Amino acid sequence: MSDPTPVIDDLREESEELDALVAKLSPEEWRLTTPAPGWTIAHQIAHLYWTDRAALVAVTDANGFQTLVEQALAAPDRYVDDAAEQGAEQAPADLLAAWRESRAALDEALRAAVPGARFPWYGPPMATASMATARLMETWAHGLDVAATLGVSRPPTARLRHVARIGVRARDFAHAVHGLTPPAEQFRVELTGPGGDLWTYGPEDAPQRVTGPALDFCLLATQRAHRADLALTAEGEDADRWLDIAQAFAGPPGAGRPPGAGRPPKGTPR
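What you see is a predicted model, and the numbers here were worked out from it, not measured in a lab.

Cut-offs applied
Residues numbered from 1 in each chain as written. Predicted model: local features only at pLDDT ≥ 70, side-chain atom pairs only at ≥ 80, totals over all residues. Heavy atoms only, no water. Helix = DSSP H or I, 4+ residues; strand = E, 2+ residues; numbered from the N terminus. Contact = heavy atoms within 4.5 Å. Pairing = 2+ DSSP bridges. Polar contact = N/O pair within 3.5 Å; in protein donor to acceptor, adjacent residues only side chain to side chain. Buried < 20%, exposed > 50% of the residue type's maximum accessible area, 1.4 Å probe, protein only. Arc of directions from axis to C-beta. 1 Å grid on protein atoms, 1.4 Å probe; cavity = no way out; pocket = protein on both sides within 12 Å on 5 of 7 lines; lining within 4 Å. Points joined across faces, edges and corners; volume = space filled by probe spheres on them. Nonpolar A, V, L, I, M, F, W, Y, C, P; charged D, E, K, R; others polar. Axes fitted to C-alpha atoms, helices over the stretch in contact; angles between N-to-C directions. Parallel < 35°, antiparallel > 145°, perpendicular 65-115°, else oblique.

(A) Focus on the side chain of T133. Of note, T133 is situated in helix α7 (residues 128-150). When neighbours within four sequence positions are excluded, T133 is seen to be in contact with V7, H162 and I166.

(B) Representation of the pairing of strand β3 (residues 188-192). Relative to strand β5 (residues 209-213), β3 is paired through 5 bridges, and the arrangement is parallel. Residue pairing across strands places R188 opposite R209, the latter belonging to β5. Here 4 bridges tie β3 to strand β4 (residues 198-201), and the two strands are oriented antiparallel to one another. Bridge pairing links E190 to T200 in β4. Taken together, β3 and the strand that follows it, β4, pair antiparallel across an intervening segment of 5 residues, in which G196 is found at a positive phi of about 95°.

(C) Quick peek at the side chain of D216. For D216, the location among the structural elements is in helix α10 (residues 214-221). Only 2.7 Å separates the side chain of D216 from the backbone nitrogen of A231, close enough to count as a polar contact.

(D) How the structure looks around helix α5 (residues 79-88). Listing the buried residues of α5 in full gives Y79, A83, A84, G87 and A88. Summarising the axial view, the buried residues of α5 lie within an arc of 165°, below the 170-degree limit, and thus occupy one face. In this structure, the buried residues of α5 make contact with α3 (41-60), α4 (62-74) and α6 (92-112).

(E) Summary view of the layout of surface pockets. In this structure, the second largest pocket occupies an estimated 370 Å³ of space. Mapped onto the lining of the second largest pocket, the elements with two or more residues apiece are α3, α4 and α5. In the lining of the second largest pocket, the residues fall into 8 nonpolar, 5 polar and 2 charged.

(F) Inspection of the environment of A62 at higher detail. Structurally, the position occupied by A62 is in helix α4. The class of A62 is partly exposed, set by a relative accessible area of 47%. A sequence separation of 41 residues divides A62 from R103, and the C-alpha atoms of the two residues are 19 Å apart. A62 has contacts with V57 and P120, leaving out every residue within four places of it along the chain.

(G) Molecular detail of the packing of α3 against α7. Relative orientation of the contacting elements α3 and α7 amounts to 175°, with a least axis distance of 10 Å. Between α3 and α7, the interaxial angle falls into the category roughly antiparallel. Facing α3, whose interface residues are I41, Q44, H47, L48, T51, D52, A55, A58 and V59, α7 presents M131, R135, E138, T139, H142, D145, V146, T149 and L150. For the contact of α3 with α7, the residue count by class is 8 nonpolar, 6 polar and 4 charged.

(H) Structural context of unusual backbone geometry. One non-glycine residue, Q223, adopts positive backbone phi at about 55°. Note that Q223 resides in the loop between α10 and β6 (233-235). The class of Q223 is buried, set by a relative accessible area of 12%.

(I) Examining the sheet that holds β6 more closely. With mixed pairing, the 4 strands of this open sheet are ordered in space as β4-β3-β5-β6. Strand pairing shows two members of the sheet lacking a second neighbour, β4 and β6, which therefore form its edges. Taken pair by pair, the neighbouring strands of this sheet meet at an average axis angle of 10°, ignoring direction. Sheet strands in contact with helix α8 (residues 160-169) are β3 and β4, and its direction is about 25° off that of β4. Contacts between α10 and the sheet are confined to β3, β4 and β5, with β5 contributing the most and set at about 110° to the helix.

Here it is, written out as structure tokens:
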């Protein structure tokens, strides 16, 4: 049983880095449009606030989370955007304070979770480390949109290992939400981390494999860049199809970004 503390610590650091980006913005800057169609910076932070609160309910009140699932099922095409829109209507200072409060409460709940606990979610149930990883993945992805809007370079960090791992583990889920049968065999995934080290997943002798930069795989799995703009290589028909549908997040398939929509500017890895 793995200790979830490192990923909870990394989630806190990822959140604080994004917090520092938005904390000094003017009300006008909070209304700047981000690469996500129809979403401003306020929408991006409101979404993180909403999902942090949902995660907190999942960790502390399974019955209460079932109510959230029922609400999502009642409006599957709108519930994410509706929640972001509602949150974005708050004054920026109030929204930022609410996000900070929800982050702190979730951090405390994750650290207090009983070893081996599993929590309900909009996708498969999650262990403590997986829940923290999912929150880090979303925080990183929405932080990319905020940074792109502000013209800020956010160099990739070793925290991407968590995003890559959940992207790999979500392979079968990505097939399922597209109505496809997941491949029976495992793939080999070899990703080059920001520091030049190799991150590997799956059997070394697997005939189907995916290789490339870890940043590119994370951009693909969070649907922040189109496959055509990324340096990822697939060997095998099933592996190739996976790169067309990969998603690390729960819920229905995302629309993704069109080819040529751009990718984060290069920075110095750290």
